[in-house]
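Per-entry structural report
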Amino acid sequence: MKTANFSVEISASAPNVWFALWDDYCYRKWSSVFCEGSYAKTNNWNDGTVVHFLTPSGVGMYSKITESIVNTKMAFTHLGHLKDFVEQPLDEESMSWNGAKEIYTLTEINGITILSIEIDIVDKYTEYFNNILPVALKQIKEIAEDLYITIGIDLNS
């Protein structure tokens, strides 16, 4: 596994970017770049919570939130696969990425937020993530900037 880093500069406050990342409607919009209809199921986005990242057919992965600092950082440790909406026992493939980290960090300076993603990637998926994560970042940027520019919402206020 290798660690890759991606980032984007967003003309919006950290609270707007946080909302764009983790609000259910917004999350579904930007995560559709991975699979149309993708969504996350969790009771909350707090430390220690398990999150199911799902496709509409119930396939996906489950992860534990290892750090959640509102408007600043969200860190996941990936644990295993989901099939038919159910956590599956670890198999050889899921063992290859079990424990992988995915960390979202927001740094705001004068109303501009840098969103950085640090992600552990299994070698065979490197090209996929190198191509798809910039697309996801572009979607997040558009959503966060639209909250302020188009809709006039600034969650920092």
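Residues numbered from 1 in each chain as written. Predicted model: local features only at pLDDT ≥ 70, side-chain atom pairs only at ≥ 80, totals over all residues. Heavy atoms only, no water.

What follows covers the packing of aromatic side chains. Counting across every chain of the model gives 14 aromatic pairs. A ring pair is formed by tryptophan 22 and tyrosine 27, whose centres lie 6.3 Å apart and whose planes are at 20°; its orientation type is stacked. No difference in accessibility class separates tryptophan 22 from tyrosine 27, as the two residues are buried. Centroid distance tyrosine 27 to tryptophan 30: 5.0 Å. Interplanar angle 75°. Geometry classified as edge-to-face. In this pair, tyrosine 27 and tryptophan 30 are both assigned in helix α2 (residues 24–31), three residues apart and thus about one turn of the helix distant. (Phe/Tyr/Trp six-rings, centres within 6.5 Å; stacked < 30°, edge-to-face > 60°. Buried < 20%, exposed > 50% of the residue type's maximum accessible area, 1.4 Å probe, protein only. Helix = DSSP H or I, 4+ residues; strand = E, 2+ residues; numbered from the N terminus.)

Per the counting criterion, the structure on display carries zero disulfides. Between cysteine 26, a cysteine without a disulfide, and cysteine 35, which holds the nearest cysteine sulfur, the sulfur-to-sulfur distance is 19 Å. Assessed through its relative accessible area of 5%, cysteine 26 is described here as buried. Accessibility expressed as a relative area gives 28% for cysteine 35, which makes it partly exposed. (Disulfide = S-S within 2.5 Å.)

One non-glycine residue, aspartate 84, lies in the positive phi region at around 50°. The topology assignment puts aspartate 84 in the loop between β5 (73–83) and β6 (86–87). For asparagine 110, which is not a glycine, the phi torsion comes out positive at approximately 50°. We classify asparagine 110 as exposed; its relative accessible area is 78%.

The next point concerns the packing of helix α1 (residues 14–22) against α2. For the pair α1 and α2, the least separation of the axes is 5 Å and the interaxial angle reads 70°. By the angle between their axes, α1 is roughly perpendicular relative to α2. Together, Phe19, Ala20, Leu21 and Trp22 of α1 and Asp24, Cys26, Tyr27 and Trp30 of α2 make up the contact between the two elements. Taken together, the residues that form the contact of α1 with α2 break down as seven nonpolar, no polar and one charged. (Axes fitted to C-alpha atoms, helices over the stretch in contact; angles between N-to-C directions. Parallel < 35°, antiparallel > 145°, perpendicular 65-115°, else oblique. Contact = heavy atoms within 4.5 Å. Nonpolar A, V, L, I, M, F, W, Y, C, P; charged D, E, K, R; others polar.)

Moving on, we get to α1. Residues spaced three or four apart along an α-helix face the same direction, because each turn holds 3.6 residues. Taking burial as the measure, the nine residues of α1 include eight buried ones, the bulk of the element. All of the buried residues along α1 are Ala14, Pro15, Asn16, Val17, Trp18, Ala20, Leu21 and Trp22.

Let us now look at α2. Inspection of α2 places Cys26, Tyr27, Trp30 and Ser31 among the buried residues, and these make up the whole buried set. Viewed along the axis of α2, the buried residues span an arc of 115°, placing them on a single side of the element. Here α2 starts with a cap whose side-chain oxygen sits 3.1 Å from the backbone nitrogen of tyrosine 25, and that cap is aspartate 23. (Arc of directions from axis to C-beta. Polar contact = N/O pair within 3.5 Å; in protein donor to acceptor, adjacent residues only side chain to side chain.)

Turning our attention to the side chain of threonine 55. By the element assignment, threonine 55 lies in the loop between β3 (50–54) and β4 (60–69). Given the relative accessible area of 16%, threonine 55 is considered buried. Residue contacts for threonine 55: discarding those within four places in its chain leaves Cys35, Tyr39 and Phe85.

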